[in-house]
Amino acid sequence: MISPQQHIQDLLDQLCAEGRERGIQVTAYHRGKLIVNAWSGIADVNTGVKVESDTLFPVFSVTKGLLATIVHLLVERGLVSYDTRIAEVWPEFGVNGKERMTVEQILRHTAGITKLPAGTTIADAADWTGICKTIAALPAEWAPGTRYAYHGLTCGWILGEVARRVDGRFFSQLIQEEICAPLGIKTMFVGLPKDHDMQIAWLEHPTAETPPDDGTPQVVPYAMQPLYAWMNRPEGRHSCVPAGNGLMNAAALARLYAALLPGGVDGVELLPPERVHLAATFATPPVGDEVRLNGWGLGYLLGEPNNIMGNTTAALGVGGHGGAMGFADRSRNLAVGLARNLFQPDDPALEIVNELRRVIPQQ
């Protein structure tokens, strides 16, 4: 009988041969054991270099899962709580209707601070102190907790600055020391070191268009759009944008989520099961522009019908622009990481994960 590893490898090879994928990696852990680590295709269409196991892919909002994990670690250690008002640890933030805005409201995307000012530049996004000062001065867009809308980039700087103020370390350092080091991961970055020598996948988006700048505040500043082009540039890769510019391979991503499952991986359990269960607690969202059936737990999206994570709130994770994905399904004791570099409407990621589920044991 064909193994899950061979089955997924054959599928990835077929998808790349058909042109439905350019370059792709898929990794899966089941019951704490690595069962699939497959890759295929071209990492950089400009050079023809092939994808390898350690090729780094830009994964965009997948980093929100790392962000949530760091926040839960700090809560577990008593440095902050979900109902901590951000202004308690960051006094400059407590103005213009944000005085009572909480950590939980940011995690659930109900806080009401979703947009960056018109004219925000790529250089602004790379300046941690400057962007945090800008965000601290912004007015709340609604009474915190009364409405839902996606906090695409702001949530990362807000929670990253909260973490810095209660722990003392910047977000990029927290990722390396609290996630990568205990798990032996060497291929996960939010803010790529400038002296790196690692291969990075080149993103392609044949249908992307740059929207016209109408001079209004935006969730993603015009200067950073289209996003795929921003992450093909050094400025995008070396900045620390906790909610949106991770570089990693699928193996690192799957290993992170395997460490959030009961028992962890190789003896490492990043959070106790009770904390992960709490993180997956769904709260009915207030009215909003894009209210999902299950939506956000505490910093992670939860499974729902026709979702790549499965039709269960036992699954939690975060996907990213272009189809990257990382999640843990506690009902199957399954952790998956997927990274790809060809962005197109015919995204076979769901097909791949459904095949993966089909060929692994049910329990």
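Values in this document were obtained by computation on a predicted structure and should not be read as measured data.

Which residues make up the sheet that holds strand β3 (residues 49-50), and what values do they have?
Read across the sheet, seven strands follow the order β3-β2-β1-β10-β9-β8-β7 without closing on themselves; strand pairing throughout is antiparallel. Bordering the open sheet on either side are β3 and β7 (301-302), each of which pairs with just one other strand. Bridging between strand β2 (residues 33-44) and β3 involves two bridges; their strand directions are antiparallel. Pairing of Ile42 across the sheet is with Lys50, part of β3.

Give me helix α8 (residues 171-183): which residues, what numbers.
The end-to-end C-alpha distance of α8 is 17 Å, a good match for the 18 Å that 13 residues give at a rise of 1.5 Å each. In this structure, the buried residues of α8 make contact with α2 (63-76), α6 (128-137), α7 (154-167), β5 (188-189) and α11 (250-258). Downstream of α8 by a residue or two, Gly184 has a phi angle that is positive, lying close to 70 degrees.

Which residues make up α7, and what values do they have?
For α7, spanning 14 residues, the distance from its first C-alpha to its last is 20 Å, which sits close to the expected 20 Å at 1.5 Å a residue. Most of α7 is tucked away, with 11 of its 14 residues classed as buried. Where α7 is buried, its residues meet α2, α3 (86-89), α4 (103-107), α5 (122-126), α6 and α8. Where α7 terminates, the next one or two residues include Gly168, which has phi positive at roughly 100 degrees.

An account of the pattern of salt bridges is needed here, citing residue identities and associated values.
Side chains that differ in charge, positive against negative, can pair when their charged atoms come close. For the structure shown, the criterion picks out 19 salt bridges. Between Glu204 and Arg22 there is a salt bridge, with the nearest N and O atoms lying 2.7 Å from each other. Residue Glu204 is located in the loop between β5 and α9 (227-230), and its partner Arg22 is located in the loop between α1 (4-17) and β1 (23-30); the two are separated by 182 residues in the primary sequence. Given a relative accessible area of 13%, Glu204 falls into the buried group. The exposure class of Arg22 is partly exposed, given its relative accessible area of 27%. What emerges from the salt-bridge pattern is a single network uniting Arg77, Asp167, Arg169, Glu177 and Glu178.

Would you mind going over the environment of Asp127 in detail, with residue names and values included?
Mapped onto the elements, Asp127 comes out in the loop between α5 and α6. Residue Asp127 is classed as partly exposed on the basis of its relative accessible area, which comes to 39%. Separated by 113 residues in the primary sequence, Asp127 and Cys240 have C-alpha atoms spaced 8.6 Å apart.

Describe the pairing of strand β10 (residues 334-340), with residues and values.
With seven of its seven residues buried, β10 lies for the most part within the structure. When strand β9 (residues 325-329) meets β10, the two strands line up antiparallel, connected through five bridges. The partner of Asp329 across the bridge, within β10, is Leu334. Linking two consecutive strands that pair antiparallel, namely β9 and β10, is a turn of four residues; a positive phi of about 50 degrees is found at Asn333 within it.

Can you lay out the packing of α6 against α7 for me, pointing to particular residues and giving the numbers?
At their nearest, the axes of α6 and α7 sit 10 Å apart, and the two run at 105 degrees to each other. On the basis of their axis angle, the class for α6 and α7 is roughly perpendicular. Taking contact as the criterion, the partners of Trp128, Ile131, Cys132 and Ile135 in α6 are, on α7, Thr154, Gly156, Trp157, Ile158, Gly160, Glu161 and Arg164. Taken together, the residues that form the contact of α6 with α7 break down as six nonpolar, three polar and two charged.

I'd like to hear about the side chain of Gln105, residue by residue, with values.
Mapped onto the elements of the fold, Gln105 is located in helix α4. A distance of 3.0 Å separates a polar side-chain atom of Gln105 from the backbone nitrogen of Thr102. In contact with Gln105, other than residues within four places in its own chain, are Arg100, Thr110, Ala111, Pro144 and Gly145.

A description of the sheet that holds strand β6 (residues 246-248) should follow, citing residues and the corresponding values.
One open sheet accounts for three strands, arranged β4-β6-β5; its pairing is antiparallel. Each of the sheet's edge strands pairs with one partner strand only, and the pair in question is β4 (57-60) and β5. As judged from the three bridges shared by β4 and β6, these two strands associate in the antiparallel manner. Paired with Pro58 across the bridge in β6 is Leu247.

Give a description of the pairing of β2 that names residues and reports values.
One ladder, built from eight bridges, connects β1 with β2; its direction is antiparallel. Across the sheet, residue Gln25 finds its bridge partner in β2, namely Trp39. Following β1, the chain reverses through two residues before pairing antiparallel with β2; Arg31 in that reversal takes a positive phi of roughly 55 degrees. Counting the residues between successive antiparallel strands, the hairpin from β2 to β3 contains four residues, one of them, Gly48, with a positive phi of roughly 80 degrees.

The rules behind these values
- Residues numbered from 1 in each chain as written.
- Predicted model: local features only at pLDDT ≥ 70, side-chain atom pairs only at ≥ 80, totals over all residues.
- Heavy atoms only, no water.
- Pairing = 2+ DSSP bridges.
- Helix = DSSP H or I, 4+ residues; strand = E, 2+ residues; numbered from the N terminus.
- Expected span 1.5 Å × (residues − 1).
- Contact = heavy atoms within 4.5 Å.
- Buried < 20%, exposed > 50% of the residue type's maximum accessible area, 1.4 Å probe, protein only.
- Salt bridge = Lys/Arg side-chain N within 4 Å of Asp/Glu carboxyl O.
- Axes fitted to C-alpha atoms, helices over the stretch in contact; angles between N-to-C directions.
- Parallel < 35°, antiparallel > 145°, perpendicular 65-115°, else oblique.
- Nonpolar A, V, L, I, M, F, W, Y, C, P; charged D, E, K, R; others polar.
- Polar contact = N/O pair within 3.5 Å; in protein donor to acceptor, adjacent residues only side chain to side chain.

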